[in-house]
Structure formats: C-alpha cells, structure tokens
Amino acid sequence: MSAPAESGLARPRLPRAIWALGCVSLLMDISSEMVHALLPVFLVVTLGAGTEMVGLVEGLGEGTASIVKMFSGWLSDRLGRRKPLAIAGYAMGALSKPVFALAPVAGVVLGARVFDRIGKGVRGAPRDALVGDLAPPGMSGAAFGLRQSLDTVGAFAGPLLAIALMAASGDNIRLVFWLALPFGLAAVLLLAVAVREPPPKPDRPPARLPLRAREFAALGPHFRAVVLAGAVLTLARFGEAFLVLRARSLGLPLALTPAVLVVMNVVYGLAAYPAGRLADRLDRRGVLAAGFGVLILADLCLAFAPGLVVGLLGIALFGLHMGLTQGVLSALVSDAAPAAARGTAFGVFHLAGGLALLAASLIAGLAWSVAGPAATFLASAGFAASGLVLLRLLG
C-alpha cells in the first residue's frame, strides 16, 4: 500500500476540473448538512422516534447508496461517461430536501433519506472515477484530498448556516430544511457548466448487462485488501447522527446541535488535503493506521466524557480520523484498480463500506437503546482496534 515514487523536480498543478468538482461537493454538502445536522434531533424530539429509528435512517440510507454506487460505477465504465450519472445523482440529492421539510412522520423521513442516498450512490462512484481520470500521474492522493477538503468545507459551512437560521427563525427546523434546496440546485448547475470530462477511450469494453464475476476478479488481490481495510474502518465509525445525540446528552442546546458537525468537519477539512499529500510521499498504510488510532482515542473520549468539553474533543478527534482516512482510501482504490475498471472498483469499494455502515448504525442504535452511549462508542473502539490488527496482517 505504498505511494508511487515521485520523479522530477516540479509537480504539475491539479486541473481546474478537479477544483470544480470539489466546489460541486462543497455546495451539495452545504445543502445536505443543513438537513443532516438537525435530522437526529428532528426524528427524536419533533417526531418522537427512538435511537433505533435513527440508526435505521442512517444505516439504510448509506447502505442503499453503496449498492447503487456499485452499479453506477460499473455503468460509467461501460458507457465511457461519468458526468451524466453524476449530474443525475446530484439532482436527486437536491430534490429530496423539500420532502424532509414536509415529513409528518419518521417513515417519510426514512423514505426521503433513502431517495437522497440513492442520489449519492448514483453520483458517488462516477464522480470519484472522474477525479481519478483527471488526476495527473503521482498526484491521486492530492486530488482526492483536495476534493475531500472542499467537500468538508461545505460539511461545516452547512451546519454553521443551520445554526444561524435556527437562531433567526426561533428553532424552525422545517424552514432550515427548505432553505437547503437552493444550494443543492447550485451544485447541479456548476457541475453541468464547469466540468468537462476526458473523451471516452475508443477501446473501452462494450456496454452489457449483467455484471460478470471476472470483472471483479480482474481487480486483483491488492484491491481486495484495500476494500477489506475500508470496510473494517467503516464498521468502526458509526454515522455522525450518534455524535449529535451524544452532544445533546452532554447538555448541548437544541439550537446549537449543528455545531457538532461544524467541529468535526472543520478538523476533517483541515486534515484531508495534507493527509493526501503526505500519503503521496509515505507509506499510505501508515497514514491509514494513524487514522484508526485517532478513532480509538475519539471513541474513548465520547464513551467516558464527563461533560461537553471532553465530548467536543472526542468529536474533533473523530474529524481528524476522517481526514486521515477517507481521501487516502480513495487514492488507494484509484491506484489499485485498472483505469478501465476504475468506476467498477469504486462501486465495489463503496458497496462494502455501505453494508458495513448499515451494520454499524444498527448496532449503534441498539447498543445506545439497551446499554447507553458509552456502550456504542466502546464497540466502535473495539472495531477500530481490530482494524489496526488487520492492517498489520495485510503487510
């Protein structure tokens, strides 16, 4: 899992299209996190749902997205086109926002979340494959780190905006959900006009259904090791909804609950690009192992926090672990996969991660309901420790 060696004195700059893709992610994350930052509280306080429903909404949405990513990534390989699928997925994400605002019961929220995450699945693997297609040789870590950093700027700007709107509207959560819509529509427009994908390769394989086993086998053992590491890491990190609920249990006021994702994503955004650059120069497995270790520290802080200050420290450490791992994992997938099968590779990777997140979120919701928040985060720490052992075994 080592980074490719660098050559030459000067490194090329990242293409403007990668910056544009990062800004598209930024806008959509503003839209999504304005909803996501308030959704656990909306479910539990406004609609009267339990933590099991929070886990189901979180896990089923992401699991569905990951199944869709597998097929959308494969389809983008077969068509030789990434951008149309990405536009369709971003449009679905934008159009889901009014449904959250109108939802009268938790079941409607679940449906809206699944629709939104299907959109994420449609766009995710093709977009990541497009980043890999556009990245200069030897700069995939920087390219994915940059996109992840800009994505994360949106992920903390959205909750900040939600805090301001909650204060201005007298805690009107539904209004905040409505105001998330324009940012999603802006993301779709920017992608349509500002990103030009490379022309399809003339020797690409013909489009056909169904998926064939040999296409997955051709991805190779190194790729499968990356998928396994990513799945274990995802199993260790429950959805961010449980960070929000933990902060509330430690006394964070309702209007300030989006601050949880602000803290997490500020650290995440600051760490992602430097981590990607570092992973281009060092053994990427070492950077990934550091991320597992930081997650264990985060879980211990959240499990045993005597008050809000220690809880927020745990949330910040959770953001640091995300910065150390997410872009690096994407770079590992991009490097391990053949260029002609990059979309399929990202689809498989996201499928494994999404199924792991579904299991993790259900475990988290049940553990919280039965034994309290400490049990939830101690379970996460145990999975992360297993991940460190796995990385060592993968050698």
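Being a predicted model, the structure only gives us computed values, none of them experimental.

K.L.:
It is not clear to me how the overall build of the protein should be interpreted in this structure. Could you clarify?
P.N.:
Helix and strand counts for the protein come out as 17 helices and zero strands. A globule of 395 residues ought to have a C-alpha radius of gyration of about 21 Å, and the protein, at 20 Å, matches this closely. Overall, the C-alpha framework of the protein stretches about 55 × 45 × 40 Å when taken along its three principal axes. Within the structure as shown, the protein displays about 14,700 Å² of accessible surface, and the carbon and sulfur contribution to it stands at 70%. Taken as two groups, the 32 positive and 20 negative side-chain charges of the protein have centres that lie 5 Å from each other.

K.L.:
I'm lost on the nonpolar core in this one. Help?
P.N.:
A general tendency of soluble globular proteins is for nonpolar side chains to be buried together. Ranked by size, the top nonpolar core spans 108 residues in total, and within it Leu39, Leu43, Phe177, Phe223, Leu243 and Val260 carry the most contacts. Setting aside chain neighbours within four positions, we find phenylalanine 177 in contact with Met34, Val35, Leu38, Leu39, Phe42, Lys97, Phe100 and Ala101.

K.L.:
Would you take a moment to explain empty space enclosed by the protein for this structure?
P.N.:
Gaps between atoms show up when a probe of the same size as a water molecule is rolled over them. Under the counting rule described, the total for this entry stands at four cavities of 30 Å³ or more. Put simply, the largest cavity is a space of about 910 Å³. Residue assignment for the lining of the largest cavity shows that the elements contributing at least two residues are helix 1 (16-36), helix 3 (51-79), helix 6 (106-134), helix 7 (140-169), helix 11 (221-236), helix 13 (259-281), helix 15 (308-336) and helix 16 (342-371). Looking at side-chain class alone, the lining of the largest cavity contains 11 nonpolar, 16 polar and 15 charged residues.

K.L.:
I'm lost on the side chain of arginine 246 in this one. Help?
P.N.:
Looking at the element boundaries, arginine 246 is found in helix 12 (residues 241-249). Buried charged residue arginine 246 carries no salt bridge. Nearest counter-charge: aspartate 299, at 9.8 Å. Those residues in contact with arginine 246 that lie beyond four places of it in its chain are Leu302, Ala303, Ala305, Trp368, Pro373 and Phe377.

K.L.:
Whenever I open this one, the confidence of the model for the protein confuses me. Can you help?
P.N.:
When pLDDT drops low, the exact placement of atoms in the prediction is not to be read closely. Taken as a whole, the protein shows an average pLDDT of 84; of its residues, 91% reach a score of 70 or greater. This stretch, residues 1-9, has a pLDDT under 50; its non-local contacts, to residues over four places away or in other chains, come to 22 contacts.

K.L.:
Is there a simple way to think about the side chain of threonine 51 in this case?
P.N.:
Within the secondary structure layout, threonine 51 lies in helix 3. At a separation of 3.4 Å, a polar atom in the side chain of threonine 51 contacts the main-chain carbonyl oxygen of glycine 365. Setting aside residues up to four positions removed in sequence, threonine 51 forms contacts with Phe242, Leu245, Gly365, Trp368 and Ser369.

K.L.:
Just to check I follow, could you spell out unusual backbone geometry for this structure?
P.N.:
For residues besides glycine, phi is generally negative; the peptide bonds are generally trans as well. Phi at aspartate 171 is positive, roughly 65°, even though this residue is not glycine. The residue aspartate 171 is located in the loop between helix 7 and helix 8 (173-179) in this model. Look at aspartate 171 and you get partly exposed, because its relative accessible area is 35%.

K.L.:
Help me understand the packing of aromatic side chains, please; the structure alone is not making it clear to me.
P.N.:
To describe a pair of aromatic rings, one takes the distance between the centres and the angle between the planes. All chains considered together, the criterion is met by four aromatic pairs. Considering the side-chain rings of phenylalanine 100 and phenylalanine 177, the 6.3 Å spacing of their centres and the 70° angle between planes classify their relative orientation as edge-to-face. Taken together, the positions of phenylalanine 100 in helix 5 (residues 97-102) and phenylalanine 177 in helix 8 put the pair 77 residues apart, joining distant regions of the chain. For phenylalanine 100, a relative accessible area of 1% corresponds to the buried category. Ring centres of phenylalanine 242 and tryptophan 368 lie 6.1 Å apart, and the angle between their planes is 40°; this geometry places the pair in the tilted category.

K.L.:
Which parts of the structure should I look at to understand a nonpolar patch on the surface?
P.N.:
Together, Leu102, Leu175, Trp178 and Leu179 make up a nonpolar patch on the protein surface, roughly 370 Å² of accessible area in all. The dominant element in the nonpolar patch, judged by the number of residues it contributes, is helix 8, at three residues.

K.L.:
In this structure, what is going on with helix 9 (residues 181-194)? I would like to understand it.
P.N.:
Every α-helix winds through 3.6 residues per turn, so residues three or four apart in the chain are directed the same way. If you check helix 9, its first and last C-alpha atoms are 20 Å apart, about what 14 residues at 1.5 Å a residue would give, namely 20 Å. Buried within helix 9 are the following residues: Leu181, Gly184, Ala187, Val188 and Leu191. Seen from one end, helix 9 has its buried residues packed into an arc of 125°, which puts them on one side. Those residues of helix 9 that are exposed and aimed more than 90 degrees away from the buried face are Leu189 and Val193. Against the buried residues of helix 9 lie helix 1, helix 4 (83-95), helix 5 and helix 8.

K.L.:
Which parts of the structure should I look at to understand the pattern of salt bridges?
P.N.:
Oppositely charged side chains may form a pair once their charged atoms are brought near each other. For the structure on display, the rule yields eight salt bridges. Across the salt bridge formed by arginine 117 and aspartate 116, the nearest N and O atoms sit 2.8 Å from each other. Taking the relative accessible area as the measure of exposure, arginine 117 reaches 6% and is therefore buried. Taking the shortest distance from any N to any O, the salt bridge between aspartate 128 and arginine 147 comes out at 3.9 Å. Note that aspartate 128 is positioned in helix 6 and arginine 147 in helix 7, a separation of 19 residues in sequence. The residues aspartate 128 and arginine 147 share a single accessibility class, namely buried. Counted as one network, the salt bridges with shared partners bring together Lys97, Arg113, Asp116 and Arg117.

Definitions and cut-offs
Residues numbered from 1 in each chain as written. Predicted model: local features only at pLDDT ≥ 70, side-chain atom pairs only at ≥ 80, totals over all residues. Heavy atoms only, no water. Helix = DSSP H or I, 4+ residues; strand = E, 2+ residues; numbered from the N terminus. Rg over C-alpha atoms; globule rule 2.2 N^0.38 Å. Areas by Shrake-Rupley, 256 points an atom, 1.4 Å probe, with all protein chains shown as cover. Lys, Arg positive; Asp, Glu negative; His and termini not counted. Charge placed at Lys NZ, Arg CZ, Asp CG, Glu CD. Core = buried A, V, L, I, M, F, W, Y, C linked by side-chain atoms within 4.5 Å. Buried < 20%, exposed > 50% of the residue type's maximum accessible area, 1.4 Å probe, protein only. Contact = heavy atoms within 4.5 Å. 1 Å grid on protein atoms, 1.4 Å probe; cavity = no way out; pocket = protein on both sides within 12 Å on 5 of 7 lines; lining within 4 Å. Points joined across faces, edges and corners; volume = space filled by probe spheres on them. Nonpolar A, V, L, I, M, F, W, Y, C, P; charged D, E, K, R; others polar. Salt bridge = Lys/Arg side-chain N within 4 Å of Asp/Glu carboxyl O. pLDDT = per-residue confidence, 0-100. Polar contact = N/O pair within 3.5 Å; in protein donor to acceptor, adjacent residues only side chain to side chain. Phe/Tyr/Trp six-rings, centres within 6.5 Å; stacked < 30°, edge-to-face > 60°. Patch = residues over 30% accessible without salt bridge, like charges linked within 9 Å, V, L, I, M, F, W, Y side chains within 5 Å. Expected span 1.5 Å × (residues − 1). Arc of directions from axis to C-beta.

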